[in-house]
Amino acid sequence: LRELQPGDELQVDASRATRRYRVVSMHVADTRRDAIALREDDDALLLVTCWPFEALAPGGPLRYVVRAEPLPAEVAAQAQARRDSATITPSPSA
């Protein structure tokens, strides 16, 4: 999670479908005073891990939260087509 930046795309593969998301924000939440809000009507993906990443003792109160919003199907399809067309095929050895 530490390397994600706003605008990065993520893909979640599940048994029934593949969904694509775009990272929109990251922040550090303190569980002693902050709540990580989840809404039933929100399709966002929240990725949460302990913070700081290099902490020596697990279970501290800080959490690193990444929020990603789903890409519309047509945007995801176009992005996949661009990735597919950008595949580099090695040339035969001479």
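Preceding this paragraph is the structure being described.
Residues numbered from 1 in each chain as written. Predicted model: local features only at pLDDT ≥ 70, side-chain atom pairs only at ≥ 80, totals over all residues. Heavy atoms only, no water.

Student: Teacher, can you tell me more about the overall build of the protein here?
Tutor: Looking only at helices and strands, the protein has 1 helix and 4 strands in total. Counting helices and strands in the order they occur from the N terminus, the protein gives β-β-β-β-α. For the protein, with 94 residues in total, the buried portion stands at 17%. Within the protein, residue pairs in contact and separated by at least 24 positions form 54% of the contacts whose partners lie at least 6 positions apart. (Helix = DSSP H or I, 4+ residues; strand = E, 2+ residues; numbered from the N terminus. Buried < 20%, exposed > 50% of the residue type's maximum accessible area, 1.4 Å probe, protein only. Contact = heavy atoms within 4.5 Å.)

Student: Hey, could you run me through the side chain of Asp30 in this one?
Tutor: Locating Asp30 in the fold gives a position in strand 2 (residues 18–30). Looking at Asp30, the relative accessible area reads 6%, which means it is buried. In this structure Asp30 touches Pro61 and Leu62, once residues within four positions along its chain are discounted.

Student: It is not clear to me how the nonpolar core should be interpreted in this structure. Could you clarify?
Tutor: Nonpolar side chains in soluble globular proteins generally cluster together in the buried interior. If you look at the biggest cluster of nonpolar residues, it comprises 8 residues: Leu4, Leu10, Tyr21, Val23, Leu45, Tyr64, Val66 and Ala68. Broken down by element, the residue count for this core peaks at 3 residues, all from strand 4 (residues 62–70). If we ignore the near neighbours within four places in the chain, the residues touching Leu45 are Leu10, Val12, Tyr21, Val66, Arg67 and Ala68. (Core = buried A, V, L, I, M, F, W, Y, C linked by side-chain atoms within 4.5 Å.)

Student: Explain the side chain of Arg20 here, please?
Tutor: Looking at the secondary structure, you find Arg20 in strand 2. Polar contacts involving the side chain of Arg20 include one to the side chain of Glu9, which spans 2.9 Å. At 2.8 Å, the side chain of Arg20 forms a polar contact with the side chain of Gln11. (Polar contact = N/O pair within 3.5 Å; in protein donor to acceptor, adjacent residues only side chain to side chain.)

Student: Before we go on, may I ask you to explain the pattern of salt bridges in this structure?
Tutor: Between side chains of opposite charge, pairing is possible as soon as their charged atoms come close. Tallying each qualifying case throughout the model produces 9 salt bridges. For the salt bridge of Glu9 with Arg20, the shortest nitrogen-to-oxygen distance reads 2.9 Å. Taken together, the positions of Glu9 in strand 1 (residues 9–13) and Arg20 in strand 2 put the pair 11 residues apart, joining distant regions of the chain. Judged by its relative accessible area of 29%, Glu9 falls in the partly exposed class. The exposure class assigned to Arg20 is buried, which follows from its relative accessible area of 13%. (Salt bridge = Lys/Arg side-chain N within 4 Å of Asp/Glu carboxyl O.)

Student: What exactly am I supposed to notice about a nonpolar patch on the surface here?
Tutor: Among the surface-exposed residues, Ile36, Leu38 and Val48 lie close enough to one another that they form a single nonpolar patch of about 280 Å² accessible area. Topologically, Val48 is positioned in strand 3 (residues 45–50). (Patch = residues over 30% accessible without salt bridge, like charges linked within 9 Å, V, L, I, M, F, W, Y side chains within 5 Å. Areas by Shrake-Rupley, 256 points an atom, 1.4 Å probe, with all protein chains shown as cover.)

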